[in-house]
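Fold and geometry: a report
These are the residues of each chain, in order.
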Amino acid sequence: MSDPSSEAEDRNEVSSVRPCPDCSLPVDVILESKDGVRFAAHSKNLENYSEGFPPAIFVSSSEVTPIVQIEEHSETVQLLLGFMHLKRQPQVAKLSFAVLDALANAAEKYFIHSAIQLCQVFMAKNVEQHPIEVLHYAAKHSYKSLANRVAFLTLDYTFEDMKAKFEPDSRIPYLWLAYKERWMVALRSLLTSQPPAGNLHKGGVQSCDLWWPFYVAVLHDVGSSLVHLRDFETTVSRNLAEIEACWQCSQRAIRWGNTTAAKCEGTWYSALENHSELITRHHDSASFESTLTPSIIMADSSSDAENEVSSIRPCPDCNLPVDIILKSGDGIKFSAHSKNLENYSEGFPPAIFTSSSGVTPIVQIEEQSDIVELLLGFMHLKPQPEISNLPITVLEALANAAEKYFIHSAIPICKVYMTKESLEYPIEVLRYAAKHNYKSLADEAAPHTLDYTFEDVKPKFEPESRIPYLWVLRLSEVNLIMKIVGV
Ligand SMILES: [Zn+2]
Ligand SMILES: [Zn+2]
Ligand SMILES: [Zn+2]
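Residues numbered from 1 in each chain as written. Chains lettered and ligands numbered in written order. Predicted model: local features only at pLDDT ≥ 70, side-chain atom pairs only at ≥ 80, totals over all residues.

1. Comments concerning the overall build of the chain
Keep this limit in mind: Runs of E in the DSSP output that reach at least two residues are strands. Runs of H or I that reach at least four are helices, and both are numbered from the N terminus. A residue is called partly exposed when the number of other C-beta atoms within 10 Å of its own lies between 12 and 20, exposed at 12 or fewer, and buried at 20 or more, with C-beta atoms placed from the backbone. In this description, any two residues whose backbone-derived C-beta atoms lie within 7 Å of each other are considered to be in contact.
When helices and strands are counted, the chain shows 23 helices and 8 strands. Residues classed as buried in the chain amount to 31% of the 487 residues present. Sequence separation of at least 24 residues holds for 59% of the intrachain contacts in the chain that already meet a minimum separation of 6.

2. Focus on the environment of Q117
Within the element layout of this structure, Q117 appears in helix α5 (residues 113–124). Spatially, the C-alpha atoms of Q117 and A107 are 9.4 Å apart, while their sequence positions differ by 10 residues. Among residues more than four places away in sequence, those in contact with Q117 are Q384 and I413.

3. Focus: the sheet that holds strand β3 (residues 38–41)
The criterion, for reference: Strands qualify as paired when DSSP identifies two bridges or more between them.
Strand order in this open sheet of 4 strands is β1-β3-β2-β4, and the pairing throughout is mixed. A strand with exactly one partner marks an edge of an open sheet, and here the two such strands are β1 (17–18) and β4 (67–69). Taken together, the 3 bridges between strand β2 (residues 29–32) and β4 define a ladder with parallel strand orientation. Each residue of the ladder has a partner; that of I30, found in β4, is I67.

4. Looking at the sheet that holds strand β8 (residues 362–364)
The strand order β5-β7-β6-β8 describes an open sheet built from 4 strands, whose pairing is mixed. Bordering the open sheet on either side are β5 (312–313) and β8, each of which pairs with just one other strand. Where β5 and strand β7 (residues 333–336) come together, 2 bridges link them in parallel fashion. Of the residues in β7, the one forming a bridge with I312 is K333.

5. Things to note about helix α4 (residues 97–109)
Filter applied, for reference: To estimate how far a helix should extend, the number of its residues minus one is multiplied by 1.5 Å.
Spanning 13 residues, α4 covers 18 Å between terminal C-alpha atoms, matching the ideal 18 Å at 1.5 Å per step. Burial in α4 covers these residues: L100, D101, L103, A104, A106, A107 and E108. Looking at the buried positions of α4, the neighbouring elements they touch are α3 (74–83), α5 and α6 (131–140). Looking at the residues trailing α4, positive phi occurs at F111, about 55°.

6. With respect to the environment of I392
Here I392 lies in helix α18 (residues 392–404). Distance from I392 to E428, taken between C-alpha atoms, is 8.1 Å for residues 36 residues apart in sequence. With residues near it in sequence (within four places) discarded, I392 still touches E421, Y425 and E428.

7. Things to note about the pairing of β3
Burial along β3 is one-sided: F39 and A41 are buried, while R38 and A40, pointing the other way, are not. Looking at chain direction, β1 and β3 are connected through 2 bridges and run parallel. Residue pairing across strands places V17 opposite R38, the latter belonging to β3. Note: β2 against β3, 4 bridges, orientation antiparallel. The residue of β3 that forms the bridge with V29 is A41. The antiparallel pairing of β2 with β3 creates a hairpin that spans 5 residues between the two strands, and G36 there sits at a positive phi of about 80°.

8. Describing the pairing of β7
Here β7 shows two buried faces, one formed by K333 and S335 and the other by F334 and A336. Judged from the 4 bridges that link them, strand β6 (residues 324–327) and β7 form a sheet pairing that is antiparallel. Note that in β7 the partner of L326 across the bridge is F334. Following β6, the chain reverses through 5 residues before pairing antiparallel with β7; G331 in that reversal takes a positive phi of roughly 85°.

9. Topic: the packing of α6 against helix α7 (residues 144–151)
Test applied: Interaxial angles span 0 to 180 degrees and are taken between N-to-C directions of axes, which are lines fitted to C-alpha atoms, for helices over the stretch in contact. Convention used here: angles under 35 degrees read as roughly parallel, angles over 145 as roughly antiparallel, angles from 65 to 115 as roughly perpendicular, and any remaining angle as oblique. The sense of a crossing depends on the near helix, which, turned anticlockwise from the far helix by less than a right angle, makes the crossing left-handed and, turned clockwise, makes it right-handed.
Direction vectors running N to C along α6 and α7 enclose 155°, while the axes themselves pass 8 Å from each other. It follows from the interaxial angle that α6 and α7 lie roughly antiparallel. The handedness of the crossing between α6 and α7 is left-handed. Contacts from P131, V134, L135, A138 and A139 in α6 reach L146, A147, V150 and A151 in α7.

10. Here we look at the confidence of the model for the chain
Our working definition: Summary of the metric used: pLDDT quantifies the predictor's per-residue confidence within the range 0 to 100.
In this model, the chain carries an average pLDDT of 80, and 79% of its residues clear a pLDDT of 70 or more. Per-element confidence in the chain ranges from a low mean pLDDT of 46 for helix α1 (residues 4–15) to a high of 96 for α4. Low pLDDT (under 50) marks residues 1–12, which in the prediction has 1 contact with non-local residues, meaning those over four places away or in another chain.

11. Section: unusual backbone geometry
Phi at D22 takes a positive value of approximately 50°, unusual for a residue other than glycine. Tracing the sequence through the fold places D22 in the loop between β1 and β2.

12. Structural notes on the packing of helix α10 (residues 211–224) against helix α12 (residues 232–239)
The condition that has to hold: Residue type decides the class: Asp, Glu, Lys and Arg count as charged, Ala, Val, Leu, Ile, Met, Phe, Trp, Tyr, Cys and Pro as nonpolar, and the leftover types, Gly among them, as polar.
Where α10 meets α12, the axes come as close as 10 Å, and the angle between the chain directions of the two elements is 135°. Judged on the interaxial angle alone, α12 and α10 are oblique. The hand of the α10/α12 crossing is right-handed. Residue-level contacts link F214, A217, V218, D221 and V222 of α10 to T235, V236 and N239 of α12. By residue class, the composition of the contact of α10 with α12 is 5 nonpolar, 2 polar and 1 charged.

13. A short note on α12
Residues spaced three or four apart along an α-helix face the same direction, because each turn holds 3.6 residues. Put simply, the rule reads: This arc is taken over the directions from the axis of the helix to the C-beta atoms.
Residues of α12 that are buried: F232, T235, V236 and N239. Angular distribution of buried residues about the axis of α12 spans 95°; they occupy a single face of the element.

14. A closer look at the environment of D231
With respect to the secondary-structure elements, D231 resides in the loop between α11 (227–230) and α12. With 26 residues separating them in the primary sequence, D231 and G257 have C-alpha atoms 9.1 Å apart.

Right under this line is the structure:
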């Protein structure tokens, strides 16, 4: 009855859709990558994990599963889909830079908050190796401190280098010219002005024979890279050996280093202050605004029910229905949403929320209120809580709670920040790593614990923990090795 050739084509098409690995969710939308690979996807997940796939595009009037074409390459699409499932997130640490770069930008574009912060951390690790790409990313998404940190590493590139890495209509390469211009002005000032006067030599002269070879060497350094102008004091120090035999010249050189460095300070954003009209902001916080205050109905039979209602913390900037209350270890009650707990966590089984009466259930959990607040922040479709400056105790408690409740949107970013504390808080990091079986992190933290005693380490673990004993064992191994090598 129907045209056999088109039927054959249909069959081909079905078989060419990549299934969603290890996943039994219903497939009701297909994403087609730029290179033509089709991926089975779930509109519910796209809606839950992303603000960039508006649900409207998925409304299909017919029986046909809609195919949505997106600009990203198949490798990126696969990763994005990985971040939009309630399971272990893709391992960003193992990606090549090109893939990481594409993923980081796509996460921002589609507002996939579960990937954004993690990508940011890994992009920041590439400032030395890929300064242009990192500046592109930082400037595009208004990551100010990252842009300020990486911008000077691009000083030796040409405008053509920059232009080639940005989209044709991007204004950033032009902003970059304004930034570089500052350094060119500083360079010209260095070349055309005399170094500050110093103490006179015997006979009343300003410099001796040692000065000029030194002076030329410094200028040669700066000429070879503008980065040496930015770090001018270091550049001067590096050449000081040339004149160390002369006290007067050495002193003059150090003054030259100080005074010039002071004139050459300028960050990416300070350089762009006069060009603000060129800066586009991608993160518009207004889009997350909401005005509705959640209404809480709790027909609690206890006498102080009224008081309790007023003591429940509302969910900030959120108008999702509140159908569950989480009570922290220190007795603070938080408004929460069973749908979010279910979507973002594997540790809050939906069964516990079934309330037969009209009463909003209160779930008591062990964690302290500051941790509960952060956890809830990770279980919303909005920018994740900023955790880079948390005190170690809070960070560790958060990291442990994320693991406990399987909040995949928080686990890797917590691990990244815990890893950063290996040097300063090795015992805490070791404790965390051992608890969750992060072997390489334990190996990283352990050497920094070697100056502690067993008495230091033991109280930091639960009384029944075997880790402090294993630690002593390891310590004695290290001591043994050190004896053998004669340290
Ligand atoms: Zn799936
Ligand atoms: Zn001298
Ligand atoms: Zn909320």
